[in-house]
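# An overview of the molecular structure
In case you want the letters, here they are:
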Amino acid sequence: MPDVSFPKVDPGDPNNSYEILSGEAKRALSRGSVDGVTAIDLGQGDCNALTTVWGHTVLYFDFGGGCHAGAHTHPTHETWGPRKLSPQQLAEKFDFSCKPTVIVSHWDHDHWYTSELVEDVRKLQWLGPRQPVAKNNLEAITKLDNLRCWPATLGEYELDLGSGRRLRIEKCKKPNSINQKKYDRNLDGLALFLKKMGWTKPTESIVMPGDAPWQCIPSLLANEGKIPGGAVGLFGYHHGSITHWTDETTKSMPKPAEKRTVKLLLTYGLTPAQKNSYNLAHPAAKARYHEAGWSPREDTAGKLPNDPPQPADVGNPATRGDRRLNLSPTVTMRLASMTRTSYTTLRNLLWKS
Ligand SMILES: [Zn+2]
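What counts and what doesn't
- Residues numbered from 1 in each chain as written.
- Predicted model: local features only at pLDDT ≥ 70, side-chain atom pairs only at ≥ 80, totals over all residues.
- Helix = DSSP H or I, 4+ residues; strand = E, 2+ residues; numbered from the N terminus.
- Contact = placed C-beta atoms within 7 Å.
- Pairing = 2+ DSSP bridges.
- Buried ≥ 20, exposed ≤ 12 C-beta atoms within 10 Å, placed from the backbone.
- Core = buried A, V, L, I, M, F, W, Y, C linked by C-beta atoms within 7 Å.
- Arc of directions from axis to C-beta.
- Axes fitted to C-alpha atoms, helices over the stretch in contact; angles between N-to-C directions.

### Observations concerning the overall build of the chain
- On a plain count of helices and strands, the chain comes out with seven helices and 14 strands.
- Across the chain, contacts joining residues at least 24 apart in sequence account for 66% of those joining residues at least 6 apart.

This is how it looks when you write it as structure tokens:
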């Protein structure tokens, strides 16, 4: 797997520079801005699509899904009986029309497993952290035709997505406070921030940590979770787990944007019998996010919103599904909705008088 240098690091060497977005994705971005991220429900794992207002996917963050102990949670698994997705139905969940690059948060199988089921995604460009991978995964990883590695010396990189949107890719790092000898891929992968820009600074962000606890994202650790403009959307790290959760984790958790609608999203999978072998999402994690102002919450495994699956929902596909975090609408749309509100208020007043 070749390492890549980004223009910021090595501006002079055309052979060594690397463009993250495909030409097709850039063209789609010139026609419509990125307005949010869809968490695609593939069971116990992560697969997120950054899409434009016209619904085109310009980038995937992870391409995983339920495997190993979580295999029964994947929507293609036999256990879902007549409701299981066929290969064709699975393929219809994705949009490769803009040749989106797949950025992998880390090489745990639940973050790239679905690439083994969908041939077309293996031909796309992939970018991931250089990490030791499990031996029995090597063969499948080598089937990714265009895989490149994040440069070892690069801490972060910001990508202009046009129309005042930016993508920050940040390399995670195990802080000294995590005193664990065994190597853990969750701690040194890649995290993403989708940002909406004002004149000079971001006005809001959606944060995607992969499986990295908050203190492993250097900018969050250094700024105690403060992000310019605050965060409007948050993926709970590690599918709503509490691994390595200390006071430092709570402190480094992104702060919700003030006086705006925010939303927490947890991506995990349940079997038709509503089981998760990793005990996800963890009740303590849900409580801690709620306490920090991250409410309402939506889960890929559960009903909307904040509604845990009930026994009566067993095998009911309505209890699971794709979920979405949106950046807030643009100013023009906000003005339009304000006008609508004022009109409704006026009409109600007239009606009452
Ligand atoms: Zn994971």
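Back to the write-up after that little detour.
### Let's talk about the pairing of strand S7 (residues 156-162)
- Pairing of S7 with strand S8 (residues 165-171) involves six bridges; the strand directions are antiparallel. Looking at the pairing, Glu-158 lines up with Arg-168 of S8.
- Counting the residues that bridge the hairpin from S7 to S8 gives two residues, and of these Ser-163 lies at a positive phi of roughly 50°.

### Quick notes on the environment of Leu-29
- For Leu-29, the location among the structural elements is in helix H1 (residues 23-31).
- Look at Leu-29 and you get buried, because 21 C-beta atoms sit within 10 Å.
- Sequence-wise, Leu-29 and Thr-51 are 22 residues apart; in three dimensions their C-alpha atoms are separated by 9.3 Å.
- The contact partners of Leu-29, leaving out residues within four places of it in the chain, are Val-34, Thr-52, Val-58, Leu-161 and Gly-162.

### Things to note about unusual backbone geometry
- With omega at -10°, the peptide bond leading from Leu-280 into Ala-281 counts as cis.
- Turning to its location among the elements, Ala-281 is positioned in the loop between strand S12 (263-266) and helix H6 (283-291).
- Here Ser-295 and Pro-296 are connected by a cis peptide whose omega angle stands at 5°.
- With respect to the helices and strands, Pro-296 occurs in the loop between H6 and strand S13 (297-299).
- Not every positive phi belongs to a glycine, and Ser-163 is a case in point at roughly 50°.
- For Ser-163, the location among the structural elements is in the loop between S7 and S8.
- Residue classification places Ser-163 among the partly exposed positions, given that 17 C-beta atoms sit within 10 Å.
- The phi dihedral of Asn-279 falls on the positive side, at around 60°, and the residue is not glycine.
- Mapped onto the elements of the fold, Asn-279 is located in the loop between S12 and H6.

### Some remarks on the nonpolar core
- Among the nonpolar cores identified, the biggest contains 69 residues, and Val-58, Leu-192 and Ile-206 are the most heavily contacted of them.
- When neighbours within four sequence positions are excluded, Leu-192 is seen to be in contact with Phe-61, Ile-103, Leu-167, Arg-168, Ile-169 and Met-208.

### A look at H1
- For H1, the set of buried residues is Ala-25, Ala-28 and Leu-29. Taken down its axis, H1 places every buried residue within 100° of arc, on the same side. In H1, the exposed residues that point more than 90 degrees away from the buried face are Gly-23, Ser-30 and Arg-31.

### Some details on the sheet that holds strand S11 (residues 231-235)
- Sheet architecture is open: seven strands sit in the order S7-S8-S9-S10-S11-S12-S13, paired in mixed fashion. Both edges of this open sheet fall to S7 and S13, since each of them pairs with a single strand only. When the angles between neighbouring strand axes are averaged without regard to direction, this sheet yields 20°.
- Pairing of strand S10 (residues 202-208) with S11, which is carried by three bridges, proceeds in the parallel orientation.

### A word on the environment of Ala-49
- One can find Ala-49 in strand S2 (residues 47-52).
- A C-alpha to C-alpha distance of 5.5 Å links Ala-49 and Val-37, two positions twelve residues apart in sequence.
- Excluding residues within four positions of it along the chain, Ala-49 makes contact with Val-37, Thr-38, Ile-40, Thr-57 and Tyr-60.

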